[in-house]
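Inside the fold
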Amino acid sequence: SHSACAALWRQCEASVARLSQATLPSRRRYDARLAQCNVTMHACVGPASAEYAQRLAALSTGGATAYGKDFYAKVSHLFTLACALGILTFRYALQVAALE
């Protein structure tokens, strides 16, 4: 049962890791992926299921906080980049003082 649970856990963990690599991660997609992992982990039975249920609970609470911080960091970075590009565009390319 432990090998089956470990395989399911690796699959779940990989899908959550791929989701965090998105340009602009979504909390809704993260919650949906965790719900999908929860359904997938129901196939994990036996003595190993308690350990992986705890891992999933830890990923749900701790990962959500880190995911939220990463989301706001990426939004802030994209906003700063958009502002800088807007300033440079209107300063040198279009040369419109009112939009600068």
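A brief report on the enclosed structure follows. In this text the structure is predicted, and so the values were computed from the model without any measurement.

This part is about the environment of leucine 34. Mapped onto the elements of the fold, leucine 34 is located in helix H2 (residues 27–40). Residue classification places leucine 34 among the buried positions, given a relative accessible area of 10%. Taking the C-alpha atoms as reference points, leucine 34 and leucine 56, 22 residues apart in sequence, are found 8.0 Å from one another. Those residues in contact with leucine 34, other than ones at most four positions away along the chain, are Val16, Leu56, Leu59 and Ser60.

As a further point, take the packing of aromatic side chains. All told, the structure shown has two aromatic pairs when counted by the stated rule. With a centroid separation of 6.2 Å and an interplanar angle of 45°, the aromatic rings of tryptophan 9 and tyrosine 52 are classed as tilted. Of this pair, tryptophan 9 sits in helix H1 (residues 2–20) while tyrosine 52 is found in helix H3 (residues 49–93), placing the two residues 43 residues apart along the sequence. The buried category is assigned to tryptophan 9, whose relative accessible area is 7%. Taking the relative accessible area as the measure of exposure, tyrosine 52 reaches 4% and is therefore buried.

Let's shift gears to the nonpolar core. By size, the foremost hydrophobic cluster in this structure holds 18 residues, and its most contacted members are Tyr30, Met41, Tyr52 and Leu56. Where this core is concerned, the elements lending two or more residues are H1, H2 and H3. The element that contributes the greatest number of residues to this core is H1, accounting for seven residues. When neighbours within four sequence positions are excluded, methionine 41 is seen to be in contact with Cys5, Leu8, Trp9, Tyr52 and Leu56.

Turning next to the packing of H1 against H2. In contact at an axis separation of 10 Å, H1 and H2 are set at 175° when each is read in the N-to-C sense. Taken together, the axes of H1 and H2 are roughly antiparallel relative to one another. Residues Leu8, Gln11, Cys12, Ser15, Val16 and Leu19 of H1 touch H2, and the partners they reach there are Arg29, Tyr30, Arg33, Leu34, Cys37 and Thr40. Grouping the amino acids of the contact of H1 with H2 by side-chain chemistry returns seven nonpolar, three polar and two charged.

What counts as what
Residues numbered from 1 in each chain as written. Predicted model: local features only at pLDDT ≥ 70, side-chain atom pairs only at ≥ 80, totals over all residues. Heavy atoms only, no water. Helix = DSSP H or I, 4+ residues; strand = E, 2+ residues; numbered from the N terminus. Buried < 20%, exposed > 50% of the residue type's maximum accessible area, 1.4 Å probe, protein only. Contact = heavy atoms within 4.5 Å. Phe/Tyr/Trp six-rings, centres within 6.5 Å; stacked < 30°, edge-to-face > 60°. Core = buried A, V, L, I, M, F, W, Y, C linked by side-chain atoms within 4.5 Å. Axes fitted to C-alpha atoms, helices over the stretch in contact; angles between N-to-C directions. Parallel < 35°, antiparallel > 145°, perpendicular 65-115°, else oblique. Nonpolar A, V, L, I, M, F, W, Y, C, P; charged D, E, K, R; others polar.

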